[in-house]
Amino acid sequence: MTTSHDLDEITLSIWEQVQHSADLCVKCNICTSFCPVANVTDMFPGPKFVGPQAQRFRNPHEISVDDSLDYCSGCGVCSMVCPHGVKVMEMNAKARYKLYKTKKWIPLRNRILGRSELLGWLGSPFAPIANVTLKLKPLRILIEGIMGVHRDAPMPAFSWETFRGWYQTVHKKSPQRVISDKKVVFYHACSVNYYEAFIGKAAIAVLEHNGYEVIVPKDQVCCGLPMLSNAEFDAARQNARTNINSLVRYARAGHKIVGTSSSCTLSLKSDYRHILDMDDADARLVSQQTYDICEFLLELAQAGELKTDFQPINASIPYHSPCQLRAHNMGLPAIELMELIPGIQIKHIQADCCGIAGTYGYKKEKHDISMAVGKSLFEQVKATESDVAICDSETCRWQIEHATGTKMIHPVQLLAQAYGLT
Amino acid sequence: MQKKSTEVLVIGGGVTGCGVLFDLAQRGFKATLLERGALSMGTSGRFHGLLHSGGRYAVNDPDAAHECIVENQILRKVMPHCIEDTGGMFVSTPDDPPEFADEFYQACHKVSIPATEISIEEMLRREPLLNPKIRRVFTVPDASVETWDACRSLVVSAAEHGAETLEFHEVTELLKEGNKVVGAVAINKVTGETVTITADLIVSAVGAWGGRLAAMADCDVTVHAGKGTMIAMNYRMVNTVVNRCVHPSGSDGDIIVPIGTVAVIGTTSVRVDDPDNYPIEEWEVKLMMEEGEKMVPSFRKFRALRAWAGVRPLYQEKGAASDLRAVTRKYALLDHSPRDGVDNFVTITGGKWTTYRMMAEDTVDLVCKKLDTTRACRTAETTLHNPHGESKYHTLGSRLQKLETGEFDGQLICECEIVTRNQIEANLATNDRHIINDLRRDLRVGMGPCQGGFCTYRVAGLMHKNKQLTTQQTNKALVDFLQERWKGMNTVLWGQHLRQMQLDEGIYMGVLGLDKLPPGLSGIDEKRVAEVETEGYYEVS
């Protein structure tokens, strides 16, 4: 064989392309039995069908024919439970891209939902007015009619002061700011910047409390996941490239990159490479160096480097692990970490998905599905009768809070509280 | 005993026989076809699925090459619904003699095959998984063709002109009166009934079995059986037919054909004595996977679904050929009257699937001459009956689209190949047989990655309900089909496909307890099981 050794590398990279993982499917149906969407609606034929099965009928030279795949929420439970390594969700994301390429048209609604950063940039300066206005039912009905954004979908409140604005103008100038050789990079993503600056502040407080200097790169942008899930791969790739270029400098210096948004850090870790096919050395390095904040802190704890000067919190608090967090394949670091707090009892809710799946539950035609997906989760949260519940991912927090009325917080907020930092 | 009479009796329901039947019927002959199994069950159903552009024969067999390109263009017009216009490439890999590429290119143009050289970049743009170290690439109008649909379309179109097709009728005897063949005796293999058919003329279109049939009429015909082994890969890693740009003699495993949901690599060429009995050998499978790797560097990592072999009919008048690939692929039409002194008997053999129509035309021209009539052939201008009602090229996505639009409705029974309950029930209503394999040929049931793992029990249940089968008949249908599926997989069981088979085994043995059925209810052929255990593999028969 003359073609073996020198081609090994080509072979390997070809094999890592998600579309070819269809070849691994043995039809066992585990993905379908776990799919949160297929379990509540017949509109979606299920991950096995639209994934590895339909993939065998897709010729790159032919047009896309199966609109029903658009009912995939992209939660990724299928890829996680597949015992054979079929990248089902990733395959569907790519098929959706092809679907909208065939249609030659992406609804304005999807384009807008895909641009969370632009929305935040527009809304944040008018936060007090915007937050009130967007709660007005007649306006929401109007928006639903014109745009197709469901009237009941949870709208987060804009933050009057952006996180980055606070970091640049307040924190950087603060004498209390930690300057250290131990540095960590904070990837704040859109939600922290425009909606939940307080989570970013809590993250910085916790990291600094543990002796880390926190770098917030100025040139970071939205991870691109909302665009990716709405089939705008080209726009998502632009954002991905900006982030990779921004973050790779720190990664090369050996710094770790942490984030509080589990979906956004998952994009850095996996989606850029596996869905957007940006599998170059820089992307791989950024992927390797990226951590969910709880994953990072738990590693510190395991190395004996995490401060444990927690004040007791005597409470039992429900916790939902989002699907996009579980897709990190790192276990559930938030639970182990929070259980270091004396007196705390974390009640892990047994539910796969809250249903919102990023922008999915905002869409008029999918909102009911999204609420049906989350039903069991909502009931379990309500049954705990707790005033507060915990979840790592922002859209999931908004969805659960909207559905249950329970105040939702990020694990890092609880840690900051236990450290006495708030 | 049933008695029938017809004007022309065609024996053999491969594509040639079906083509002859349609041509005869269209020219106004009363014609009947006898096939010992189902249509296209012999060599016509055991090939790559390649509609040749002729490129493969351009250098060493220009006549055959020219026939291929002419017929290729005609078939695209008359049976578009059976053809996927994949296009083809001839690639010169680092393992191939570089000087052959120019020779190939010139030879193509001499016989009017529109070969065009494209850049390696363009090749990779069209087919990203091809070996980037390929040196030269030529595109040709190869395509893939769905043989079962084609044969079915031919007999249905023939039936519109009054022709009759009798499947599962095996000829046991040719009736002679003096030096004339006057008919045939056949056994209906479903009912066991004997049928005698008298005819003015008999056409033998039985391919590699031509020698045997001719012997029944006391004619000496030598048709070599050239075994070719092929492997279907689970996934279309290429969507264009890919041929190695090499001299076809002494070259094996050098064509990959994307057809339906699979990609088929083949073939070997080994002479066998018995066209009904030829094992697939380990070296053939190994060789194919290695050769595939030269065209697609990750080839061996893709899942091989099953292997099968077919026997090419290679006719040679004088003596035995030493190298099968050197035997012309041009067909042979034998009039046994001048040749052997046997009247009313004609043999058509050799040739390619691609040239079946031309072979049929020549054959029926000879029939006209022998029956002293002049009737023009119109098969090159007549679009065949399409049971699906459209005359577009077949596309890979069509089944998915039909399911999406609701054209295929009802429960999904075969998930891998997208076959619904309504399709199966409609098909079951058309015949009296209890064979799941017939559904496979008509609808592709059980042909996907799980190889019947998830659909066989569903189909058996539908048969039980719709045809009022007994428990034993249902079990037998189920077991027979699983055996048929498993025999094609035994030679390619490794990696992911082995896991698949373990899952399937778990379903049938573990969950359904197929091996624990009381004797007499199972339908399992114990003798065959014992044979398999000693052989280590199933023979393809």
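The residue count restarts for each chain, going from 1 along the sequence in the order it is written. Labels are handed out in written order, letters beginning with A for the chains and numbers beginning with 1 for the ligands. Where totals are concerned, whole chains, interfaces and linings use all residues; where local detail is concerned, this predicted model gives features only for residues with pLDDT of at least 70, and gives and counts side-chain atom pairs only at 80 or more. The basis for every side-chain value is the complete set of heavy atoms in the structure, and neither hydrogens nor water enter the calculation.

(A) The domain arrangement of chain A, seen in detail. Residues and elements named next belong to chain A. Segmentation of chain A into domains returns domain 1 (4–103) and domain 2 (308–418). The start and end points of each domain follow an automatic or database-based domain assignment. Using only C-alpha atoms to locate each centre, domain 1 and domain 2 end up separated by 28 Å. One side-chain nitrogen of Lys or Arg within 4 Å of one carboxyl oxygen of Asp or Glu is enough to make a salt bridge. On the surface where domain 1 and domain 2 come into contact, there are one salt bridge. Think of a polar contact as two N or O atoms within 3.5 Å of one another; within protein, one of them needs to be a possible hydrogen donor and the other a possible acceptor, and neighboring residues in sequence only count if both atoms come from side chains. For the pair domain 1 and domain 2, the number of links is four residue pairs in polar contact (both at pLDDT 80 or more). For this scheme, ten residues count as nonpolar: Ala, Val, Leu, Ile, Met, Phe, Trp, Tyr, Cys and Pro. Four count as charged, namely Asp, Glu, Lys and Arg, and the remainder, Gly too, count as polar. Broken down by class, the residue content of the side of domain 1 that touches domain 2 amounts to nine nonpolar, three polar and one charged.

(B) Looking closely at the sheet that holds strand β4 (residues 83–84) of chain B. When DSSP finds two or more bridges between a pair of strands, those strands are recorded as paired. Secondary structure is summarised from DSSP: a helix means a run of H or I of at least four residues, a strand means a run of E of at least two, and numbering begins at the N terminus for each. One open sheet holds the three strands; their spatial order is β3-β8-β4 (chain B), and the pairing between them is antiparallel. Lying at the two open borders of the sheet, with one neighbouring strand each, are β3 (50–51) and β4 of chain B.

(C) Broad picture of the packing of aromatic side chains. Residues and elements named next belong to chain B. Only Phe, Tyr and Trp rings take part, Trp by its six-membered ring, and two of them pair if their centres are within 6.5 Å. Stacked means planes under 30 degrees apart, edge-to-face means over 60, and tilted covers everything else. The final tally for this structure, using the stated rule, is 15 aromatic pairs over all chains. Ring centres of F47 and W353 lie 5.8 Å apart, and the angle between their planes is 5°; this geometry places the pair in the stacked category. Taken as a pair, F47 in the loop between β2 (31–34) and β3 and W353 in the loop between β20 (345–350) and α9 (356–370) lie far apart in primary sequence, 306 residues in all. Both residues of the pair, F47 and W353, count as buried. Measuring from ring centre to ring centre gives 5.5 Å for F104 and F138, while their planes differ by 55°; the resulting arrangement is tilted. Of the two residues, F104 is situated in helix α3 (residues 99–110) and F138 in strand β7 (residues 136–140); the sequence distance between them amounts to 34 residues. Note on classification: 1.4 Å probe, protein chains only; a residue is buried when its accessible area is under 20% of the maximum for its type, exposed when over 50%, partly exposed between these limits. For F104, a relative accessible area of 1% puts it in the buried group.

(D) Spotlight on the interface of chain A and chain B. Residues are treated as being in contact if the distance between any of their heavy atoms lies within 4.5 Å. On the side of chain B, 45 residues touch chain A, which itself brings 36 residues to the contact. A quick way to say it: buried area is the sum, across both parts, of accessible area lost when two parts are put together, with a 1.4 Å probe. Across the interface of chain A and chain B, roughly 3600 Å² is buried in total on both sides, 61% from carbon and sulfur atoms. Considering only the surface of chain A that becomes buried against chain B, D23(A), R56(A) and F57(A) emerge as the three largest contributors, covering 23% of it. At the junction of chain A and chain B, the tally comes to two salt bridges. As a salt-bridge pair, R56(A) and E417(B) come within 3.3 Å of each other at their nearest N and O atoms. Run the count over chain A and chain B and you get 16 residue pairs in polar contact (both at pLDDT 80 or more). It is helix α3 (residues 47–55) of chain A that provides the largest number of residues to the side of chain A that touches chain B, a total of five residues.

(E) Region of interest: the pattern of salt bridges. If you walk through the whole model with that rule in mind, you get 61 salt bridges over all chains. R76(B) serves as the salt-bridge partner of D85(B), at 2.8 Å between the closest nitrogen and oxygen. Linking K189(B) and E170(B) is a salt bridge whose minimum nitrogen-to-oxygen distance equals 3.4 Å. Placement of the pair is K189(B) in the loop between β11 (180–188) and β12 (194–204) and E170(B) in strand β10 (residues 169–177), with a sequence separation of 19 residues. Overall, the relative accessible area of 29% leaves E170(B) in the partly exposed class. Residues joined in a network through salt bridges with shared partners are D70(A), R96(A), R109(A), E365(A) and K366(A).

(F) Inspection of the sheet that holds strand β8 (residues 407–409) of chain A at higher detail. All names here are of chain A. The parallel open sheet is built from four strands, whose spatial order is β6-β5-β7-β8. Only two strands of the sheet have a single partner each, and these edge strands are β6 (344–348) and β8. Ignoring which end each strand starts from, the neighbouring axes of this sheet average 35° apart. Lines fitted to the C-alpha atoms define the axes, with helices restricted to the stretch that makes contact. Angles between their N-to-C directions range from 0 to 180 degrees. Across the sheet, helix α21 (residues 394–404) is in contact with β5 (315–320), β7 (388–391) and β8; its angle to β8 comes to roughly 165°.

(G) Examining helix α11 (residues 421–428) of chain B more closely. All names here are of chain B. All buried positions along α11 are accounted for by Q423, I424, N427 and L428. The buried residues of α11 occupy an angular sector of 130° when the element is viewed end-on, so they sit on one face. Among the structural elements, β21 (412–414), β22 (419–420), α12 (436–443) and α13 (456–467) are those in contact with the buried residues of α11. Each direction from the helix axis to a C-beta atom contributes to the arc, which is the arc of those directions.

(H) Structural context of the confidence of the model for chain B. Per-residue confidence for chain B gives a mean pLDDT of 91, with 92% of residues at or over 70. Quick note on the complex model: pTM equals 0.89, ipTM equals 0.89. Per-residue confidence from the predictor is given as pLDDT, running between 0 and 100.

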